[in-house]
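Structural features, examined
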Amino acid sequence: KQEVTQIPAALSVPEGENLVLNCSFTDSAIYNLQWFRQDPGKGLTSLLLIQSSQREQTSGRLNASLDKSSGRSTLYIAASQPGDSATYLCAVFGNEKLTFGTGTRLTIIP
Amino acid sequence: GAVVSQHPSRVICKSGTSVKIECRSLDFQATTMFWYRQFPKQSLMLMATSNEGSKATYEQGVEKDKFLINHASLTLSTLTVTSAHPEDSSFYICSAYKGGGNPYEQYFGPGTRLTVT
């Protein structure tokens, strides 16, 4: 059974800092990995999707990497802004289903 | 685009009643839709996979007689919570495959907050 873990569970950083969120998964037989953000009481916003054959994807200030063999992914956020405050979820697709991680609640301090 | 809508966004119902939640793919056809639930401060848990024109596949521990899923068309799936109880209060989110493009990428609806009193 796939298990996805995100560390830390919560993170607070001053505005302007760069930061890294971590995601690990137990079964490396995945098709892709996706990072989402979720604002309180809201649905999911897809940030980046990395295919299993890819190593990283970039979108603006966000960069996600994938090391499938070690079961790890990181989401790098550059020059953080208060608007980045949200819960970030990673999810892996394998065995015909998407398994979500436990999430990291990020707070950017102005 | 790949837009998925859900209706209603919020619903309050009394214990023992049933409530239906709709999930629509607005600008694409979705042969497969998924239903998730999310308890406060927890992650999303897959409830069932719904394929158009066939019975839904439920995850272990999800009562299929309580959570009725119908996927009657390529753009609409419904989740009916029957005889709702307070412990069914949760955030329900659907998603859909668009097909083509990135394989296996799911597009998510905005969610439905269900409160059972």
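Residues numbered from 1 in each chain as written. Chains lettered and ligands numbered in written order. Predicted model: local features only at pLDDT ≥ 70, side-chain atom pairs only at ≥ 80, totals over all residues. Heavy atoms only, no water.

1. Here's the deal with the packing of aromatic side chains
Defined as follows: Within 6.5 Å between ring centres, the rings of Phe, Tyr and Trp (the latter by its six-membered ring) count as paired, and their orientation is classed by plane angle as stacked under 30 degrees, edge-to-face over 60, tilted in between. Only DSSP runs of H or I with at least four residues qualify as helices, and only runs of E with at least two residues qualify as strands; both kinds are numbered from the N terminus onward. When a residue's accessible area, from a 1.4 Å probe over protein chains only, is under 20% of the maximum for its type it is buried; when over 50% it is exposed; and in between it is partly exposed.
What the rule picks out here adds up to ten aromatic pairs over all chains. With centroids separated by 5.6 Å and ring planes inclined at 40 degrees, the aromatic side chains of F36(A) and F100(A) adopt a geometry described as tilted. You can see F36(A) sitting in strand 4 (residues 32–38) and its partner F100(A) sitting in strand 10 (residues 97–100), a full 64 residues away along the chain. Look at F100(A) and you get buried, because its relative accessible area is 6%. Seen in terms of ring centroids, F93(A) and Y97(B) are 6.2 Å apart; in terms of plane orientation they differ by 70 degrees. Their pairing is edge-to-face.

2. Overview of the sheet that holds strand 7 (residues 67–73) of chain B
All names here are of chain B. The following threshold applies: When DSSP finds two or more bridges between a pair of strands, those strands are recorded as paired. The angle between two axes is taken between their N-to-C directions and runs from 0 to 180 degrees, where each axis is a line fitted to C-alpha atoms and a helix contributes only its stretch in contact.
With antiparallel pairing, the four strands of this open sheet are ordered in space as 1-3-8-7. Strands with a single pairing partner mark the edges of an open sheet, and in this sheet they are strand 1 (4–7) and strand 7. Taking each pair of neighbouring strands and ignoring which way they run, the sheet shows an average axis angle of 15 degrees. Here six bridges tie strand 3 (residues 19–25) to strand 8 (residues 76–81), and the two strands are oriented antiparallel to one another. Note on strand 8: the bridge partner recorded for C23 is S77.

3. Looking at the interface of chain B and chain A
Rules: Note on definitions: a residue-residue contact is assigned when non-hydrogen atoms from the two residues lie within 4.5 Å. Summed over both partners, buried area is the accessible surface (1.4 Å probe) that two parts give up on being assembled. What counts as a salt bridge is simple: a side-chain nitrogen of Lys or Arg found within 4 Å of a carboxyl oxygen of Asp or Glu. Within 3.5 Å is the distance limit for a polar contact, defined as a pair of N or O atoms, with the added protein rule that one can donate a hydrogen and the other accept it, and that residues adjacent in sequence qualify only through two side-chain atoms. Ten residues, namely Ala, Val, Leu, Ile, Met, Phe, Trp, Tyr, Cys and Pro, are considered nonpolar, four, namely Asp, Glu, Lys and Arg, are considered charged, and the remaining ones, Gly among them, are considered polar.
Chain B puts 19 residues into the contact, and the matching count from chain A is 20 residues. Each partner contributes to the roughly 1,500 Å² buried at the junction of chain B and chain A, and carbon and sulfur atoms together form 55% of this total. Looking at the side of chain B facing chain A, the largest losses of area belong to S43(B), Y104(B) and F108(B), adding up to 32% of the total buried there. Across the chain B-chain A interface, the total number found is one salt bridge. For E59(B), the salt bridge is made with K97(A), and the minimal N-O distance between the two is 2.4 Å. On the surface where chain B and chain A come into contact, there are four residue pairs in polar contact (both at pLDDT 80 or more). Elements with a minimum of two residues in the side of chain B that touches chain A: strand 4 (32–38), strand 5 (44–51), strand 9 (90–97) and strand 10 (106–108) of chain B. Grouping the constituent residues of the side of chain B that touches chain A by class yields eleven nonpolar, five polar and three charged.

4. Structural notes on the pairing of strand 5 (residues 44–51) of chain A
All names here are of chain A. Most of strand 5 sits inside the fold, with six of its eight residues counted as buried. The pairing of strand 4 with strand 5 spans seven bridges and is classified as antiparallel. Within strand 5, the residue paired with L33 across the bridge is I50. Following strand 4, the chain reverses through five residues before pairing antiparallel with strand 5; G41 in that reversal takes a positive phi of roughly 70 degrees.

5. Observations regarding unusual backbone geometry
The linkage connecting I7(A) with the following residue, P8(A), adopts the cis geometry, with an omega of 0 degrees. In this structure, P8(A) sits in the loop between strand 1 (4–7) and strand 2 (10–14). Following H7(B), the chain continues into P8(B) via a peptide bond in cis, with omega recorded as 0 degrees. Mapped onto the secondary structure, P8(B) falls in the loop between strand 1 and strand 2 (10–13). If you check the backbone angles, E96(A) has positive phi at about 65 degrees while not being a glycine. Residue placement: E96(A) occurs in the loop between strand 9 (86–94) and strand 10. Looking at E96(A), the relative accessible area reads 65%, which means it is exposed. Positive phi, close to 45 degrees, is recorded for S83(B), a residue that is not glycine. Turning to its location among the elements, S83(B) is positioned in the loop between strand 8 and strand 9. Look at S83(B) and you get partly exposed, because its relative accessible area is 34%.

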